[in-house]
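Here's the letter readout for the chains.
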Amino acid sequence: MKQVASALHTRAGLIAAIVLALVLVLAVIGPYIAPFDPLKNSGAILQAPNATHWFGTDYLGRDVLSRVLAGAPLSVYTAFEAVGIGLVIGVIPGITSVYLGRTYEWITLRVMDGLIALPFLIFAIAVAALLGNAVQQAMIAVGILIAPAFYRITRAAVLSHANSQYVTASQLFGASLFRVIRTHVWSKILPTLVVATANATAAGLLIVSSLTFLGIGVVPPDPTWGGILASDLSYLSQAPYGPIFPSLLIMATVGSLNLLADAIKDTSGDHGRVRLLKRRGRRVGTA
Amino acid sequence: MTTLNVRGGVGRTADSARGEGIARFSALPAVISTAVALGRALLIAVPVLLVSTFITFMLGGLTKQDPASLVLGDSATPHDVARMQAVFGLDKPLILRYFLWLWNALHGDLGSSWFTKIPVTDSIAQRLPVSLSVAVFALLIAVLLGGTFGILAAVRQGGWLDRVVTVVTSFLATVPGFVAAIALIIVFTLVIPVLPSGGWVPPSAGLLRWASFLVLPSLALSLDTAADLARQLRTGLAGTLHENYIVGAQMRGLSHARIVFVHALRNGAGPAVAVLGMHVPRLIGGAVIVETVFALPGIGSLTKTAALEGDVPVVQGALLVTIVLVLISSAIVNVLLVRLRPAARREI
């Protein structure tokens, strides 16, 4: 993960990484440090943020901070799951489509075009609801739907290197297809792929929160960041600050993922190496 | 050279007086060639349509929902269930059912709901105007906002406006659609109560009233697209404005507005138009969030309710209509892209 490491040397990359680390910690230990039972109703409904309830309480008197903490794992892990599925079924055909003949290439291109034409959110909802209203099904659907993005990005990156002379040379020396991909192609497409993955995780998080907001893939009392927002919606006139905390959390996570992607983009590849060298040179010069 | 450009629908050259005279003369062929290009773009979409509708149809085949037992209830005998399955046509193989469904769909018959028995085409026809008007309104707002700020940022490169646009667009990219919608409701119905917080009236109830119900949902839907458009337009245009031919145009003393809008915009807008094409499906398919928050009776909410009930024909029909809309709009965007920059023909 050389790409990520060099991105951490920029200020934006470092800030993004710190926020993401905090969110990850929250996702792991969140449910255990919740001060109240996230499912327990109380008489104190729709309270403003105060010393006991830092984020206030919702319409059933449940502590919002506890619900946000308890909902963290489901909200974060599911995004990773979807991106993981998308990576596998997008990248593998993306690389192989360049090498395995025209018929295979044509088929994968048409299938990916077909997937792109599917209206994203509606299709994810339909899959999740029709295949049993569970979060796993929803994530498989989202994963399949983001696969074309990975497919296109990988394919474009591979195509730009597939006919390089050093690749042809190694093929003439008798290197197997797998060896060519592993030693020559993979290292060239990795920076692009890391950036795409960070961006896709941000998009995945937004989609997951949208789905849970609509009540897809979750059973009602279970807390999720999107679900908390949905329950706030009916009580906006009594508690207009209700949506602020879960929204801020989603936005901070998504924003840092995008920021990290930009930082990696700026510091990887030939262009990025030049930039890093220049920065280092300037620092030496001023010191 | 001039004639060639005009026939290709470009029609804008430096010697504008002669060029425009010929352009007026050959307006008809330009229309025809655009129609041909559109037809070809739609033809390319046919295999895509087959793949995506087959995936949609498979969904109905994979679901464990059995309409026969759903409709008949617990007390049904196996014999009744078998009879019901024959009525719904579920005893035939999946692939045959797909082609039957597609054939009927081509003749305007999408079957009827398993539960309410209302024809799917009727439900869709009722809700399509809502979704379409929100999507079109959102597209207009996105093009207007994104275009204006993208061009302004590119022209004032490095200035405060450029920086503000960059910050605002990066911020908007992190805002989930429903958060934007909730924020708009809070601002425009609680803080400044000027607009309705949700619901829908048809345009026949008064255009102004119709528009007042349309503004907030469309704005909420357009923000993401507007931000992306502004960012792409800024990047594309900023690069183009440094090209040699722009410097040449400046040397010849052409006005600043003419250089930006005629010379640079055409070459710099390519990425922005391509991004717009990617966003159109999101405007049509992403409307489900906005429809939920603003309680709009659109296609998205129809699909959502039907999917949660397990009403497969409604889901399949609504998805088919959405896919067709998406394919038509991306074909239009592709044609637009080629018209804008003939060199882009090979990219699609």
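Residues numbered from 1 in each chain as written. Chains lettered and ligands numbered in written order. Predicted model: local features only at pLDDT ≥ 70, side-chain atom pairs only at ≥ 80, totals over all residues. Heavy atoms only, no water.

## Focus: the overall build of chain A
Then, number 1: When helices and strands are counted, chain A shows eleven helices and zero strands.
Then, number 2: Overall, chain A shows an N-to-C arrangement of helices and strands of α-α-α-α-α-α-α-α-α-α-α.
Then, number 3: For chain A, with 287 residues in total, the buried portion stands at 48%.
Then, number 4: Counting contacts in chain A only where the partners sit at least 6 residues apart, residues at least 24 apart contribute 71% of the total.
Then, number 5: Of the roughly 13,500 Å² that chain A leaves accessible, carbon and sulfur atoms contribute 68%. (Helix = DSSP H or I, 4+ residues; strand = E, 2+ residues; numbered from the N terminus. Buried < 20%, exposed > 50% of the residue type's maximum accessible area, 1.4 Å probe, protein only. Contact = heavy atoms within 4.5 Å. Areas by Shrake-Rupley, 256 points an atom, 1.4 Å probe, with all protein chains shown as cover.)

## Here we look at the pattern of salt bridges
Then, number 1: Counting across every chain of the model gives five salt bridges over all chains.
Then, number 2: Put simply, D113 of chain A and R152 of chain A hold a salt bridge, and the shortest N to O gap is 3.7 Å. Of this pair, D113 of chain A sits in helix α4 (residues 102–117) while R152 of chain A sits in helix α6 (residues 135–162), and the two are 39 residues apart along the sequence.
Then, number 3: With a relative accessible area of 47%, R152 of chain A lands in the partly exposed category.
Then, number 4: As a salt-bridge pair, R234 of chain B and D162 of chain B come within 2.6 Å of each other at their nearest N and O atoms. Of this pair, R234 of chain B sits in helix α10 (residues 207–240) while D162 of chain B sits in helix α8 (residues 160–172), and the two are 72 residues apart along the sequence.
Then, number 5: Where salt bridges share partners, they join R110, D113 and R152 of chain A into one cluster. (Salt bridge = Lys/Arg side-chain N within 4 Å of Asp/Glu carboxyl O.)

## Things to note about the packing of helix α5 (residues 120–130) of chain A against helix α15 (residues 299–309) of chain B
Then, number 1: Contact geometry for α5 of chain A and α15 of chain B: axes closest at 8 Å, N-to-C directions at 15°. As summarised for this structure, α5 of chain A and α15 of chain B are arranged roughly parallel, according to the angle between their axes. Here α5 of chain A runs over α15 of chain B; the crossing is right-handed. Across from I122, I125, A126, A129 and L130 of chain A in α5 of chain A, the residues of α15 of chain B making contact are G300, T303, K304, A307 and L308 of chain B.
Then, number 2: Looking at the contact of α5 of chain A with α15 of chain B residue by residue, the class counts come to seven nonpolar, two polar and one charged. (Axes fitted to C-alpha atoms, helices over the stretch in contact; angles between N-to-C directions. Parallel < 35°, antiparallel > 145°, perpendicular 65-115°, else oblique. Left-handed = near helix turned anticlockwise from the far one by under 90°. Nonpolar A, V, L, I, M, F, W, Y, C, P; charged D, E, K, R; others polar.)

## Here we look at the interface of chain A and chain B
Then, number 1: Between chain A and chain B, the residue contacts involve 36 residues of the former and 42 residues of the latter.
Then, number 2: Buried area between chain A and chain B, summed over both chains or domains, comes out near 3,300 Å², and the portion from carbon and sulfur atoms is 85%.
Then, number 3: Looking at the side of chain A facing chain B, the largest losses of area belong to I122, L130 and M251 of chain A, adding up to 21% of the total buried there.
Then, number 4: Counting every contact that joins chain A to chain B gives zero residue pairs in polar contact (both at pLDDT 80 or more). (Buried area = accessible area lost by both parts, 1.4 Å probe. Polar contact = N/O pair within 3.5 Å; in protein donor to acceptor, adjacent residues only side chain to side chain.)

## Section: empty space enclosed by the protein
Residues and elements named next belong to chain B.
Then, number 1: By the definition in use, this model includes three cavities of 30 Å³ or more.
Then, number 2: What the largest cavity holds in volume is close to 90 Å³.
Then, number 3: Surrounding the largest cavity, 13 residues form its lining, L128, S131, I284, I299 and L325 being those nearest its centre.
Then, number 4: Secondary-structure elements contributing two or more residues to the lining of the largest cavity are α7 (120–155), α13 (270–285) and α16 (312–340).
Then, number 5: Of the residues that constitute the lining of the largest cavity, the class distribution is eleven nonpolar, two polar and no charged. (1 Å grid on protein atoms, 1.4 Å probe; cavity = no way out; pocket = protein on both sides within 12 Å on 5 of 7 lines; lining within 4 Å. Points joined across faces, edges and corners; volume = space filled by probe spheres on them.)

## Considerations on α15 of chain B
Then, number 1: Among the eleven residues of α15 of chain B, eight are classified as buried, and the element is accordingly described as predominantly covered.
Then, number 2: Tucked inside the fold, the buried residues of α15 of chain B contact α5 of chain A together with α7, α14 (287–293) and α16 of chain B.
Then, number 3: Note on α15 of chain B: the residue one or two positions beyond its end, G310 of chain B, has a positive phi of about 85°.

## Focus: the side chain of N258 of chain A
Then, number 1: Its location among the elements puts N258 of chain A in helix α10 (residues 244–267).
Then, number 2: Judged by its relative accessible area of 19%, N258 of chain A is buried.
Then, number 3: Residues contacting N258 of chain A, with those up to four places away along its chain left out, are N199 and A202 of chain A together with A173 and T174 of chain B.

## Things to note about the confidence of the model for chain A
Then, number 1: Per-residue confidence for chain A averages 78 on the pLDDT scale, and 85% of its residues sit at or above 70.
Then, number 2: Confidence scores differ between elements of chain A, with helix α11 (residues 269–286) of chain A showing the lowest mean pLDDT of 60 and helix α7 (residues 165–172) of chain A the highest of 86. (pLDDT = per-residue confidence, 0-100.)

## So, the environment of Q165 of chain A
Residue and element names in this part refer to chain A.
Then, number 1: With respect to the helices, strands and loops of the structure, Q165 is situated in helix α7.
Then, number 2: Taking relative accessible area as the criterion, Q165 reaches 72% and is therefore assigned exposed.
Then, number 3: Residues Q165 and V180 lie 15 residues apart in sequence; the distance between their C-alpha atoms is 12 Å.

## Concerning unusual backbone geometry
Then, number 1: The phi angle at A295 of chain B is positive, at roughly 50°, despite the residue not being glycine.
Then, number 2: Secondary-structure assignment places A295 of chain B in the loop between α14 and α15.

## Observations regarding the side chain of T53 of chain B
Then, number 1: Tracing the backbone through its elements, the reader meets T53 of chain B in helix α3 (residues 27–62).
Then, number 2: Among residues more than four places away in sequence, those in contact with T53 of chain B are Y98, W101, L102, L320 and I323 of chain B.

## Section: the packing of aromatic side chains
A ring pair, where both rings are aromatic, is described by two values, the distance of the centres and the angle of the planes.
All names here are of chain B.
Then, number 1: Following the criterion strictly, the structure yields six aromatic pairs over all chains and no others.
Then, number 2: When the ring of F54 is compared with that of Y98, the centres are 5.0 Å apart and the planes differ by 80°; the resulting orientation is edge-to-face. With F54 in helix α3 and Y98 in helix α6 (residues 94–106), this pair connects stretches of sequence that are 44 residues apart.
Then, number 3: Residue Y98 is classed as buried on the basis of its relative accessible area of 3%.
Then, number 4: Aromatic rings pair up to connect F54, F57, Y98, F99 and W101 into one cluster. (Phe/Tyr/Trp six-rings, centres within 6.5 Å; stacked < 30°, edge-to-face > 60°.)

## Things to note about a nonpolar patch on the surface
Residue and element names in this part refer to chain A.
Then, number 1: A contiguous nonpolar surface patch, about 800 Å² in accessible area, is contributed by L24, V25, V28, I29, Y32, I33, Y77 and F80.
Then, number 2: The dominant element in the nonpolar patch, judged by the number of residues it contributes, is helix α2 (residues 11–33), at six residues.
Then, number 3: With respect to the helices and strands, L24 occurs in helix α2.
Then, number 4: A relative accessible area of 40% means that L24 is categorised as partly exposed. (Patch = residues over 30% accessible without salt bridge, like charges linked within 9 Å, V, L, I, M, F, W, Y side chains within 5 Å.)

## Re the environment of L8 of chain A
All names here are of chain A.
Then, number 1: Checked against the element boundaries, L8 lands in the loop between α1 (2–7) and α2.
Then, number 2: On the basis of relative accessible area, L8 is assigned to the partly exposed category, the value being 34%.
Then, number 3: Separated by 180 residues in sequence, L8 and K188 place their C-alpha atoms 20 Å apart.
Then, number 4: In contact with L8, other than residues within four places in its own chain, are G13, L14 and A17.

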